Amino acid sequence: MPEQEEFVFYMPVIEKEDSKEQESFNTAGAGKVLPVSMDQINEMVKGLSDYSLDTIELHVKGVARTGPVVEFFIGAEAEAGLKLVLNKKK
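Residues numbered from 1 in each chain as written. Predicted model: local features only at pLDDT ≥ 70, side-chain atom pairs only at ≥ 80, totals over all residues. Heavy atoms only, no water.

Q: Mind showing me how you'd approach the overall build of the protein chain here?
A: Helix and strand counts for the protein chain come out as one helix and seven strands. Out of the 90 residues belonging to the protein chain, those deemed buried represent 20%. A fraction of 55% describes how many contacts in the protein chain between residues 6 or more apart in sequence connect residues 24 or more apart. For the protein chain, the accessible area works out to roughly 7000 Å², and carbon and sulfur atoms hold 52% of it. (Helix = DSSP H or I, 4+ residues; strand = E, 2+ residues; numbered from the N terminus. Buried < 20%, exposed > 50% of the residue type's maximum accessible area, 1.4 Å probe, protein only. Contact = heavy atoms within 4.5 Å. Areas by Shrake-Rupley, 256 points an atom, 1.4 Å probe, with all protein chains shown as cover.)

Q: What exactly am I supposed to notice about the packing of aromatic side chains here?
A: The geometry of two aromatic rings is summed up by the distance between their centres and the angle between their planes. Within the structure shown, the criterion is met by three aromatic pairs. Their ring planes at 20° and their centres at 5.6 Å tell us that F9 and F72 sit as a pair that is stacked. Of the two residues, F9 is situated in strand β1 (residues 6–12) and F72 in strand β6 (residues 69–74); the sequence distance between them amounts to 63 residues. By relative accessible area, which is 6% here, F9 ends up buried. Judged by its relative accessible area of 19%, F72 falls in the buried class. Between Y10 and F73, the ring centres sit 4.9 Å apart and the planes meet at 10°, which makes this aromatic pair stacked. Linking Y10 in strand β1 with F73 in strand β6, this pair joins segments that are 63 residues apart in sequence. By relative accessible area, which is 29% here, F73 ends up partly exposed. (Phe/Tyr/Trp six-rings, centres within 6.5 Å; stacked < 30°, edge-to-face > 60°.)

Q: What's the story with the environment of T66 in this structure? I'm lost.
A: With respect to the secondary-structure elements, T66 resides in strand β5 (residues 51–66). Residue T66 is classed as partly exposed on the basis of its relative accessible area, which comes to 48%. In the structure, T66 is positioned 60 residues away from E6 in sequence and 9.8 Å away in space, judged by C-alpha atoms. There is a polar contact of 3.5 Å between the side chain of T66 and the side chain of E71. (Polar contact = N/O pair within 3.5 Å; in protein donor to acceptor, adjacent residues only side chain to side chain.)

Q: What am I meant to see in a nonpolar patch on the surface here?
A: Nonpolar side chains collect at one region of the surface, where L48, Y51 and L86 lie side by side and expose about 230 Å² of accessible area between them. Here L86 lies in strand β7 (residues 81–88). (Patch = residues over 30% accessible without salt bridge, like charges linked within 9 Å, V, L, I, M, F, W, Y side chains within 5 Å. Salt bridge = Lys/Arg side-chain N within 4 Å of Asp/Glu carboxyl O.)

Q: Just checking my understanding: could you explain the pattern of salt bridges for this structure?
A: Pairing between side chains of opposite charge can happen when their charged atoms approach one another. Throughout the structure, instances matching the rule amount to two salt bridges. Where E43 meets K46, a salt bridge forms, and the shortest distance between an N and an O atom there is 3.3 Å. Of the two residues, E43 and K46 both sit in helix α1 (residues 38–46), three residues apart, roughly one turn of that helix. We note a salt bridge from D50 to K88, for which the minimum N-O separation is 3.9 Å. In this pair, D50 is assigned in the loop between α1 and β5 and K88 in strand β7, connecting sequence segments 38 residues apart. Given the relative accessible area of 46%, D50 is considered partly exposed.

Below you can see the structure in the form of structure tokens.
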């Protein structure tokens, strides 16, 4: 029986810098990423109870396959991105 293919998305980590004057955000050093699964994306959308997920648009920087797992690397700062389109539930 073949293994079911699984997809994992790796997003660049954005670190919050605390300063007394203002808060700022910086992308972390090269290679620092956080895995995000489709289940986690669906859970995030469930939190927006007045909306339903319409489209996921990925701008992939790279991809790798490890057995049945397909890993998509999402770029940072205009290299690539992830776009979620939500429609208001009727």
